Each structure stands twice: as structure tokens, then as C-alpha cells.
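Okay, here's what each chain looks like letter by letter:
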Amino acid sequence: DQLNDPVYVPRDAADITLANPAQWDSLDAYIRSRSCLQSQRGQLMRRNSCRNPWVTLMNARLSKVLPTARGQSIELIADVFNVLNFFDADWGARRSIAGTAILNLVGYDEAKGRGIYEFDPRDPSRRDDEATRYRVQLGARYTF
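Residues numbered from 1 in each chain as written. Predicted model: local features only at pLDDT ≥ 70, side-chain atom pairs only at ≥ 80, totals over all residues. Heavy atoms only, no water.

Q: Which parts of the structure should I look at to understand the packing of aromatic side chains?
A: For any pair of aromatic rings, the description consists of the separation of the ring centres together with the inter-plane angle of the planes. As enumerated under the stated definition, the model contains four aromatic pairs in all. Here the aromatic residues F86, F87 and Y134 are joined through ring pairs into a cluster of three or more. (Phe/Tyr/Trp six-rings, centres within 6.5 Å; stacked < 30°, edge-to-face > 60°.)

Q: Whenever I open this one, the environment of S73 confuses me. Can you help?
A: Along the chain, S73 falls in strand β5 (residues 73-81). Residue S73 is classed as buried on the basis of its relative accessible area, which comes to 15%. Separated by 65 residues in sequence, S73 and Y8 have C-alpha atoms that sit 60 Å apart. Leave out the neighbours within four places in its chain, and S73 touches V65, L66, P67, T68, R141, Y142 and T143. (Helix = DSSP H or I, 4+ residues; strand = E, 2+ residues; numbered from the N terminus. Buried < 20%, exposed > 50% of the residue type's maximum accessible area, 1.4 Å probe, protein only. Contact = heavy atoms within 4.5 Å.)

Q: How do you make sense of the sheet that holds strand β2 (residues 17-18) when you look at a structure like this?
A: Think of a sheet as strands paired side by side through backbone hydrogen bonds, with each pair either parallel or antiparallel. The strand order across the open sheet formed by three strands is β2-β7-β6, and the pairing between neighbours is mixed. Among the strands making up the open sheet, the edge pair consists of β2 and β6 (103-109). Strand direction decides the pairing type here: β2 and strand β7 (residues 114-119), joined by two bridges, are parallel. For T17, the partnering residue across the bridge sits in β7 and is I116. Together, β2, β6 and β7 form the strand contacts of helix α1 (residues 24-33), whose direction differs from that of β7 by roughly 80 degrees. (Pairing = 2+ DSSP bridges. Axes fitted to C-alpha atoms, helices over the stretch in contact; angles between N-to-C directions.)

Q: Looking at this structure, how should I read the pattern of salt bridges?
A: Close approach of charged atoms allows side chains of opposite charge to pair. A full pass over the atoms with the stated rule returns seven salt bridges. R11 is the salt-bridge partner of D15, the closest N and O atoms lying 3.7 Å from each other. Note on D15: relative accessible area 16%, which makes it buried. With a closest N to O distance of 2.6 Å, E130 and R133 form a salt bridge. If you follow the salt bridges from partner to partner, you end up with D28, R32 and R41 in one network. (Salt bridge = Lys/Arg side-chain N within 4 Å of Asp/Glu carboxyl O.)

Q: When you look at the environment of T132 in this model, what are you seeing that I'm missing?
A: Looking at where T132 falls in the secondary structure, it is placed in helix α4 (residues 129-132). Looking at T132, the relative accessible area reads 0%, which means it is buried. Linking T132 and I77, residues 55 residues apart in sequence, is a C-alpha distance of 22 Å. Leaving out residues up to four positions away in the same chain, T132 has contacts with N82, N85, G92, A93, R94 and R127. Looking at T132, its side chain comes within polar contact range of the main-chain nitrogen of R94, at 2.8 Å. (Polar contact = N/O pair within 3.5 Å; in protein donor to acceptor, adjacent residues only side chain to side chain.)

Q: I keep staring at the environment of N104 and nothing clicks. Help me out?
A: Inspection of the secondary structure puts N104 in strand β6. Classification of N104 as partly exposed rests on a relative accessible area of 25%. When the C-alpha atoms of N104 and G115 are compared, they prove to be 9.6 Å apart, with 11 residues separating the residues in sequence.

The values are spatial; any link to function lies outside them.
So, in C-alpha cells, the structure goes:
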């Protein structure tokens, strides 16, 4: 798992071996576009120096206890996770920066004694639809 590995931010094209050297312009533009990377060129990134944006998340639970015979009861439960997204598709949106690999190790450069990397040009700050959507969980509890 490379998502927990320290990341070295290259100073220039000579400071990294890319599987496709034509990717340098895209990688350089990506580094320049994020101040947390730009300020760390030529060194290992400091822990927690690039962070995800703020997330507004709210969960809700509705429950109703219904009495049954001899002091027993049944409770009907509805949990709604990310309830804000239930009301508006833009609320509760999650975007992911941290935990996204932008450089993937694909080989080893024997001549230079370093890894060969491939730049993943996906925008890691894109909306994560799977984590954003609301979810409903229904349940029941019988007490005796």
C-alpha cells in the first residue's frame, strides 16, 4: 500500500524518473497549483501538510417505541447518514485530497538508483460520490 509512504516532491524534471517523461509538465503544473506541495519541492513532505477540505456532515435517527404484550416492546428505527445530502445534492459533499496517490511506483531505474514513477493526473480534490451520497438504514429492536 503506497498511500502511507513518505512522498518526495521533485524540484525539477531531472529530480524524478517518470515512466513517460512527457508527464513532467502535468506533474509540475499539479505541484505549482497546490501551495502545500510547492513549498516542499526537493524534500519529503511533512506529515499532515496537505489536508482535505472541511466536511459538513450530519446524521439523524428517528425511532418509535411501540408497546406490546406484558411490558415488552418493539422499537422501529430509521438512521439517515449524511442527511444534508438528502435535502440538497451539494450539501455534505466529500472531496478527497489526502490518501490519494499521485505518483505510482512502476519500476526501478538502476542507472540513477531510484524508482520510476507514473503520474496519475486524476484530480484528487474531485467529488467522491460514493462517500457523499446519503444512506438510510432501517432496523427494529424487540425488548422483552
